[in-house]
Each structure stands twice: as C-alpha cells, then as structure tokens.
Amino acid sequence: MSHTTNEAAFERAKKVLPGGVNSPVRAFGSIGATPPVIARGEGGCFFDVEGNRYIDYIQSWGPLILGHAHKEVIEAVCSTAKQGLGFGTPTELESEIAERVLKAYPFLEKLRFVSTGTEAVMTAIRLARGVTGKTAVIKFKGNYHGHSDTLLVQAGSGAATFGHPSSPGVPTDFAKHTLVAEYNDLAAVEAFFKAEHDIACVVIEPIAGNMGLIPADEAFLQGLRKLCTDNGALLIFDEVMSGFRAGPMGACSHTAVRPDMVTFGKVIGGGMPVAAFGANAQIMSHLSPEGPVYQAGTLSGNPVAVAAGIATLKVIQETDGFYDTLTKRAQKLTAGLEAAAQAANIPLVTDVRGSMFGFFFSDKPVKNFTDAAACDIERFKRFYREMLLRGVYLAPSAFEAGFISLATEEDLIDESIAAAHEAMKAIA
Ligand SMILES: *Cc1c(COP(=O)(O)O)cnc(C)c1O
C-alpha cells in the first residue's frame, strides 16, 4: 500500500484544521498512525486518495446502514436537490420521515427534527427540564450524548459527588447539574435519587456504543424505569447510534422497557445531517410553538437531507429480514475474530446487537466504562494498525462500536476474518 499522497493530504489538512480534522477521533490520535484521507466510497468499502481499498466498518460512524453511495439514496438526494435545496417552510417530506420513524416506534407520538445528535439530546434534556420543572440530569460514565455543555461531563470519584467538566470551556456551574453514575449500576442511581430531589431526567445509551459495545442489563433498565416513574423524572433513551441500527425498533427491540423520550440521529439521515427527538403528544406539546420550551433550526428538516433518510428507512422497512441478515453477518465477523484470537492465544470478548458489533481484548465480560478502560488498549492499537495494513478499517479507538452495512457482504466478512488471523498472529 502506498501512502505518500495520503500523508501529503493530511499535512495540508493540519495546516488549516486543528489536528487536521473536524471531529477528533478521525485524527487517529489514539492509534499512533496517520489516517488515510478518503476520496470515495462504494458499498461496503471506501478508497483513499491513492486508490487503496478498505473494508469499512465505521460506515460514516453509523449512518450508512445501506453502505456507501447506495443507488436509491443517491437518486433520492439528486432528484430532491433539483427541486431546490431548502425553503425554511413546511414540506411534505418532513411528515413522511416522521411517519416512518413513528411507525417503527409506536409508543412515540410526535417528533422534532434537528440536524445533529448533539442538538437532539441537548434539546430533549431542555424539554425534560421544562416539563418536570427540575434541573439535574443523571448520565452514565462512558456514555456519549454529543458535545453540549451539560453532557460533556464525567464522574467525580465516589458515587454521590457532583460531576465535573471533562473539557475546559464547560463551566463548573453547568456541570454541577449533571450526576454521573457507573453503567449497569442501579445502586448508584438509587443513591442519587435518595440524595437529590431535583432530578429532571435520566439519559442513557440503552446499548452503549461509545465505550465499545456494552448493552445495558435488562434488570438495570427496568430499575431505571421504576426510579424515574416513582420520582417524577423522565427516562430518555439516546438512540442516536442504536436507533435503526440495533433492530427495527433500535435498542427497544432488545428490551421491554419503554422510555419517555427517544433521541435519533445517524441512520435516520442515511448519511446526511438529520436527527430528531420524540415523545408522547403531551410531553411534545411543551415544545415551541405549542408550548414554552424553545427550540429552532434554520436547516432543521432540510428536504435534501430528509430525502436521504426516507430512502434509507424505506429500504430498511421494505426488505424482509433486514436486521436478521445484518445480525448474522455481524455474528460471523465476531466469531471469526474470536477464532483468530484463540488461535493466537489472545483473550478476546465480543458482542453483537443487530448491525452493531464490538470486541475487547479482555478475558472477562465488560459491563461498564471501568471494565472497558481496564482492557489491553496497547494490544488494540497494534491490532488496529495490522488490520489497516491489510485493508480493514475499524473504528480507530478501543472505545467505539463497529458497524455492518447491507453492502458488507459475506465475501468482505471472509476477507476481514482472514486479515484478523494474520493480524492476531502478528501481535501475539
Ligand atoms: C453520535 C452520537 C451522538 C451525537 O451525534 P452528533 O450527530 O455527532 O452530534 C449522541 N449520542 C449518541 C449515542 C451518539 O452515538
């Protein structure tokens, strides 16, 4: 694989963009390598500026569940764009995408569309605060909900301490309203509710994908549901990643628990900037213009972006056994990774939820961020570089999930498993 043009292209980017990127993880900082600069995608693969091919397991970090440049999605975008790029008025496409999302999540009644997952979760929390008249938010260590001030907070030590900002620029005054508990630890959440009566909501990734793939235990989710109901707080499922990824009803396909609010992003835009949050009509009636909780967006519900989302949801909803197919492929891949690790005598644990997969270099189950951080991160980095050399592009961080697309066909999985056997041997 030649990489001189890639390196020149990335040097150019570093002169004009901090770290050479517009979103930090793309810079490969935690991998210790120069990221390939990508020129185009096709199905389950993408190609860098030198024409090197990679099997792509990030799929634009989740959105491209049909793969790159899917014919129907591209056609929908082009034909919509020809009618004009946007109007800042109501359009029929907005109702159509809302109807498709609500059809999949029948316990929701109304949605507000925005452009990014960050906006969706930020506004869902504003709405929860507006509806309950309360202030504090409980979140979980290692869950990511976008980069808004309230949510860019990690745990202090000790269960009942207030959160402190995980980034300079987030005022301590904002962060102090965010309480951070360990994932899958109901006692920690119970303690918060006992000590603090001003809790507006609990926000959770019901299938965490931002600390590697770690699903919440059913009993934990049931416990959160009861604590929220008993204490007049709202339960928010952040399904920006898991929505239409983990199953036909996202994470809700895997649990009997129903939250008060759900946030969406990634897949519902099919690769374009579309996100949303939803709840029942009563909760949503607090939102402006029906109610007093303010939210607005110049490009919200943009027709070209929404057209990509509709085309994507259409294929998902009209393809028989869509998620079964993707789940089987993800399981084949993780079984292959496990076999490769075993042959090299390397401990590895894996998991699959729909089209999401994850793996940890660990000899015991991983249930929370502390477990994830205790895995062999150095080994991950070496494995990552070996796989990249063999044309397999995994998420460049030990704390991210991987994604299978409809275009990630069996032959690509086989090729990836063969690469994994060589890579595991190289790092044993
Ligand atoms: C990606 C993600 C977000 C943020 O979405 P952006 O579109 O990047 O702002 C929020 N929550 C979860 C669970 C995510 O995976």
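For clarity, every value in this text was computed on a predicted model and none was experimentally measured.

## Thoughts on the layout of surface pockets
Turning to step 1, where the next piece is worked out: Roughly 460 Å³ of volume is contained in the second largest pocket.
Turning to step 2, where the next piece is worked out: The set of elements that each furnish at least two residues to the lining of the second largest pocket consists of helix H3 (92-104) and strand S4 (110-114).
Turning to step 3, where the next piece is worked out: Considering only residue class, the lining of the second largest pocket consists of nine nonpolar, eleven polar and two charged.

## Focus on the confidence of the model for the protein
Turning to step 1, where the next piece is worked out: Residues at a pLDDT of 70 or more form 97% of the protein, whose mean pLDDT is 94.
Turning to step 2, where the next piece is worked out: Per-residue pLDDT stays below 50 along residues 155-161; that stretch engages in nine contacts with residues further than four places along the chain or on separate chains.

## A closer look at the site of the ligand
Turning to step 1, where the next piece is worked out: Every residue lining the ligand is accounted for by Thr-116, Gly-117, Thr-118, Tyr-144, His-145, Gly-146, Glu-205, Asn-210, Asp-238, Val-240, Met-241 and Lys-266.
Turning to step 2, where the next piece is worked out: Here an oxygen atom of the ligand and a backbone polar atom of Gly-117 are 2.8 Å apart.
Turning to step 3, where the next piece is worked out: In this structure, Asp-238 approaches the ligand through a side-chain N or O atom, which is 2.7 Å from a nitrogen atom.
Turning to step 4, where the next piece is worked out: Protein coverage of the free-state accessible area of the ligand, which is 380 Å², stands at 82%.
Turning to step 5, where the next piece is worked out: Its residues assigned to classes, the shell around the ligand shows three nonpolar, six polar and three charged.

## So, the environment of Thr-334
Turning to step 1, where the next piece is worked out: Position of Thr-334 relative to the elements: it lies in helix H10 (residues 322-343).
Turning to step 2, where the next piece is worked out: Given the relative accessible area of 5%, Thr-334 is considered buried.
Turning to step 3, where the next piece is worked out: Along the backbone, Thr-334 and Phe-359 are 25 residues apart, and their C-alpha atoms lie at a distance of 7.6 Å.
Turning to step 4, where the next piece is worked out: Setting aside its immediate chain neighbours within four residues, Thr-334 contacts Thr-350, Asp-351, Val-352, Phe-357 and Gly-358.
Turning to step 5, where the next piece is worked out: A distance of 3.2 Å separates a polar atom in the side chain of Thr-334 from the backbone oxygen of Gln-331.

## Side note on unusual backbone geometry
Turning to step 1, where the next piece is worked out: With an omega dihedral of 10 degrees, the bond running from Ser-288 to Pro-289 counts as a cis peptide bond.
Turning to step 2, where the next piece is worked out: On the secondary structure map, Pro-289 appears in the loop between helix H8 (281-284) and helix H9 (303-318).
Turning to step 3, where the next piece is worked out: At Ser-60, a residue that is not glycine, the phi angle is positive and equals roughly 60 degrees.
Turning to step 4, where the next piece is worked out: Looking at where Ser-60 falls in the secondary structure, it is placed in the loop between strand S3 (53-56) and helix H2 (71-81).
Turning to step 5, where the next piece is worked out: At Asn-184, a residue that is not glycine, the phi angle is positive and equals roughly 65 degrees.
Turning to step 6, where the next piece is worked out: On the accessibility criterion, Asn-184 (16% relative accessible area) is buried.

## A look at the packing of aromatic side chains
Turning to step 1, where the next piece is worked out: One pass over the structure, following the stated rule, counts 20 aromatic pairs.
Turning to step 2, where the next piece is worked out: An angle of 75 degrees between the planes, with centres 5.0 Å apart, marks the rings of Phe-322 and Tyr-323 as edge-to-face. The two residues Phe-322 and Tyr-323 agree in class, both being buried.
Turning to step 3, where the next piece is worked out: An aromatic cluster of at least three residues, connected via ring pairs, comprises Phe-28, Phe-46, Tyr-54, Phe-359, Phe-361, Phe-380, Phe-383, Tyr-384 and Tyr-393.

## Here's the deal with the packing of helix H6 (residues 186-195) against helix H7 (residues 218-231)
Two packed helices can be described by the angle between their axes and the distance between those axes.
Turning to step 1, where the next piece is worked out: One way to put it is that H6 packs onto H7 with a least axis distance of 10 Å and a crossing angle of 10 degrees. By the criterion of interaxial angle, the relationship of H6 to H7 is roughly parallel. Where H6 abuts H7, its residues Leu-186, Val-189, Glu-190 and Phe-193 lie against Phe-220, Gly-223, Leu-224, Leu-227, Cys-228 and Asn-231.

## Topic: the side chain of Asn-302
Turning to step 1, where the next piece is worked out: Checked against the element boundaries, Asn-302 lands in the loop between H8 and H9.
Turning to step 2, where the next piece is worked out: Assessed through its relative accessible area of 18%, Asn-302 is described here as buried.
Turning to step 3, where the next piece is worked out: Sequence-distant contacts of Asn-302, that is, excluding residues within four places in its chain, are made with Leu-85 and Gly-86.

## Some details on empty space enclosed by the protein
Turning to step 1, where the next piece is worked out: Under the defined criterion, the tally for this structure stands at two cavities of 30 Å³ or more.
Turning to step 2, where the next piece is worked out: In this structure, the largest cavity spans a volume of roughly 100 Å³.
Turning to step 3, where the next piece is worked out: Surrounding the largest cavity, 14 residues form its lining, Phe-359, Phe-380, Ser-397, Glu-400 and Ala-401 being those nearest its centre.
Turning to step 4, where the next piece is worked out: Element by element, the count of residues in the lining of the largest cavity is highest for strand S16 (residues 356-360), at four residues.
Turning to step 5, where the next piece is worked out: Grouping the constituent residues of the lining of the largest cavity by class yields nine nonpolar, four polar and one charged.
Turning to step 6, where the next piece is worked out: Quantified by volume, the second largest cavity comes out at close to 50 Å³.
Turning to step 7, where the next piece is worked out: For the lining of the second largest cavity, the elements supplying multiple residues, two or more each, are S16 and helix H12 (377-389).
Turning to step 8, where the next piece is worked out: A breakdown of the residues in the lining of the second largest cavity according to their chemical character gives nine nonpolar, no polar and one charged.

## Concerning the pattern of salt bridges
Turning to step 1, where the next piece is worked out: The final tally for this structure, using the stated rule, is 18 salt bridges.
Turning to step 2, where the next piece is worked out: Its salt-bridge partner being Lys-367, residue Asp-217 comes within 2.7 Å of it at the nearest N-O pair. With Asp-217 in the loop between strand S11 (214-215) and H7 and Lys-367 in the loop between S16 and helix H11 (369-373), the pair connects residues that are 150 residues apart, well separated along the chain.
Turning to step 3, where the next piece is worked out: Here Asp-217 falls in the partly exposed class, since its relative accessible area comes to 29%.
Turning to step 4, where the next piece is worked out: Accessibility expressed as a relative area gives 34% for Lys-367, which makes it partly exposed.
Turning to step 5, where the next piece is worked out: Taking the shortest distance from any N to any O, the salt bridge between Glu-422 and Arg-390 comes out at 2.7 Å. Taken together, the residues Glu-422 in helix H13 (residues 410-427) and Arg-390 in the loop between H12 and strand S17 (392-393) connect sequence positions 32 residues apart.
Turning to step 6, where the next piece is worked out: Taken together, the salt bridges that share partners define one network made up of Glu-96, Arg-100 and Glu-318.

Each value, and the rule that gives it
- Residues numbered from 1 in each chain as written.
- Predicted model: local features only at pLDDT ≥ 70, side-chain atom pairs only at ≥ 80, totals over all residues.
- Heavy atoms only, no water.
- 1 Å grid on protein atoms, 1.4 Å probe; cavity = no way out; pocket = protein on both sides within 12 Å on 5 of 7 lines; lining within 4 Å.
- Points joined across faces, edges and corners; volume = space filled by probe spheres on them.
- Helix = DSSP H or I, 4+ residues; strand = E, 2+ residues; numbered from the N terminus.
- Nonpolar A, V, L, I, M, F, W, Y, C, P; charged D, E, K, R; others polar.
- pLDDT = per-residue confidence, 0-100.
- Contact = heavy atoms within 4.5 Å.
- Near = heavy atom within 4 Å.
- Polar contact = N/O pair within 3.5 Å; in protein donor to acceptor, adjacent residues only side chain to side chain.
- Areas by Shrake-Rupley, 256 points an atom, 1.4 Å probe, with all protein chains shown as cover.
- Buried < 20%, exposed > 50% of the residue type's maximum accessible area, 1.4 Å probe, protein only.
- Phe/Tyr/Trp six-rings, centres within 6.5 Å; stacked < 30°, edge-to-face > 60°.
- Axes fitted to C-alpha atoms, helices over the stretch in contact; angles between N-to-C directions.
- Parallel < 35°, antiparallel > 145°, perpendicular 65-115°, else oblique.
- Salt bridge = Lys/Arg side-chain N within 4 Å of Asp/Glu carboxyl O.

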